[in-house]
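Structural characterization, general
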Amino acid sequence: MEQEKTAAQKLVDRKERLRNLHKLRQEARTHNHQEVIAEDARKKLPNNWEARKRQADWIMADEKAREEAKTEGKDYDRLKLLQISAIDAERIERKQRKKNPDGGFATFEAQTARQYARLVKSMPTRDMKKYEKQRQDLGEAFYGGPNTVLHGLVKDSPDAINNMVKDLEQQIEKRKKYSRRRTYNDDADVDFINERNSKFNKKLERFYGEHTAEIKQNLERGTAI
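Residues numbered from 1 in each chain as written. Predicted model: local features only at pLDDT ≥ 70, side-chain atom pairs only at ≥ 80, totals over all residues. Heavy atoms only, no water.

An unreviewed UniProt entry annotates the chain as Pre-mRNA-splicing factor SYF2 originating from Glossina austeni. The Subcellular location (unreviewed entry) field of the UniProt record for the chain holds the comment "Nucleus". (UniProt positions renumbered as here; feature names shortened; annotations may be inferred.)

So, about the pattern of salt bridges. One pass over the structure, following the stated rule, counts 8 salt bridges. Between Asp77 and Arg66 there is a salt bridge whose closest N-O contact spans 3.4 Å. With a gap of 11 residues between them, Asp77 in helix H3 (residues 76-82) and Arg66 in helix H2 (residues 49-71) connect regions that are remote in the sequence. For Asp77, a relative accessible area of 42% translates into the label partly exposed. (Salt bridge = Lys/Arg side-chain N within 4 Å of Asp/Glu carboxyl O. Helix = DSSP H or I, 4+ residues; strand = E, 2+ residues; numbered from the N terminus. Buried < 20%, exposed > 50% of the residue type's maximum accessible area, 1.4 Å probe, protein only.)

Side chains of nonpolar character tend, in soluble globular proteins, to be buried together. With 8 residues, the main nonpolar core is built from Ala56, Ile59, Met128, Tyr131, Leu138, Ala141, Phe142 and Tyr143. Among the secondary structure elements, those contributing two or more residues to this core are H2 and helix H6 (128-138). Here this core gets 3 residues from one element, more than from any other, and that element is H6. Aside from chain neighbours lying at most four places away, what touches Ala56 is Met128 and Tyr131. (Core = buried A, V, L, I, M, F, W, Y, C linked by side-chain atoms within 4.5 Å. Contact = heavy atoms within 4.5 Å.)

Working note: α-helix, 3.6 residues per turn, so residues spaced by three or four point in the same direction. Among the residues making up H6, those that are buried are Met128, Tyr131 and Leu138. Seen along its axis, H6 keeps its buried residues to an arc of 100 degrees; they face one direction. In H6, the exposed residues that point more than 90 degrees away from the buried face are Lys129, Lys130, Lys133, Gln136 and Asp137. Those residues of H6 that are buried lie in contact with H2. Among the residues trailing H6, Gly139 stands out with phi positive, at a value near 70 degrees. (Arc of directions from axis to C-beta.)

Turning next to the confidence of the model for the chain. In the predicted model, the chain carries a mean pLDDT of 78, and 87% of its residues have values of at least 70. Mean pLDDT values for the elements of the chain range from 74 in helix H4 (residues 86-99) up to 85 in helix H8 (residues 195-221). (pLDDT = per-residue confidence, 0-100.)

On to the packing of aromatic side chains, then. One pass over the full model with this rule turns up 1 aromatic pair. An angle of 50 degrees between the planes, with centres 6.4 Å apart, marks the rings of Phe207 and Tyr208 as tilted. The exposure class assigned to Phe207 is partly exposed, which follows from its relative accessible area of 27%. The exposure class of Tyr208 is partly exposed, given its relative accessible area of 38%. (Phe/Tyr/Trp six-rings, centres within 6.5 Å; stacked < 30°, edge-to-face > 60°.)

What follows covers H2. Taking 1.5 Å of rise per residue, the 23 residues of H2 would be expected to cover 33 Å, and the 33 Å separating its terminal C-alpha atoms lies within 8% of that figure. Within the span of H2, buried status applies to Ala56, Ile59, Asp62 and Ala69. Where H2 is buried, its residues touch H3 and H6. Just downstream of H2, Gly73 is the residue with a positive phi angle, here 75 degrees. (Expected span 1.5 Å × (residues − 1).)

Rendered as structure tokens:
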């Protein structure tokens, strides 16, 4: 009788283990399915999505800390500087100088890059509420993939248009300040229509004149093909 009870108990134990194994298998299958869906979603995201997400999280945390400091009546920028060591502050400053050196006019590409960096630096602080709303409205188009067409999806605000006009007016005023009359050479070839065009032609001649000298000579002799 004792042996029959032992056998029955063993059967019950086996059934219990089978039920546990079946339950673990179902959990593993569900977990694997969720991982496959998550991995497929990650593959559809841009390559720099994780870096953008980290930057967005940092901006949100920074704005939250700034609001808390403002509520407490503290200077947030001063508190941040107090937490940075002298070595780190010097490293950050050296990195900034290396990132945007002011070498004056070198090439049109360098000039364009410097202007782009200046415009980005002068942009206002990002509104994270508006950022999240725009991200939800645009969906995958928000990250600007290779086949994304943003025309008609994003509408510029009046403030953004006014800022662009203001920047263009500042550029025009700056050009007027640095513009000065050069001595005119009566014997020089007239290949321009106004003063600004003359400056542009001189820049082209300075950078690309040696590469186009033979073409100009052929055109003057009439032997160009």
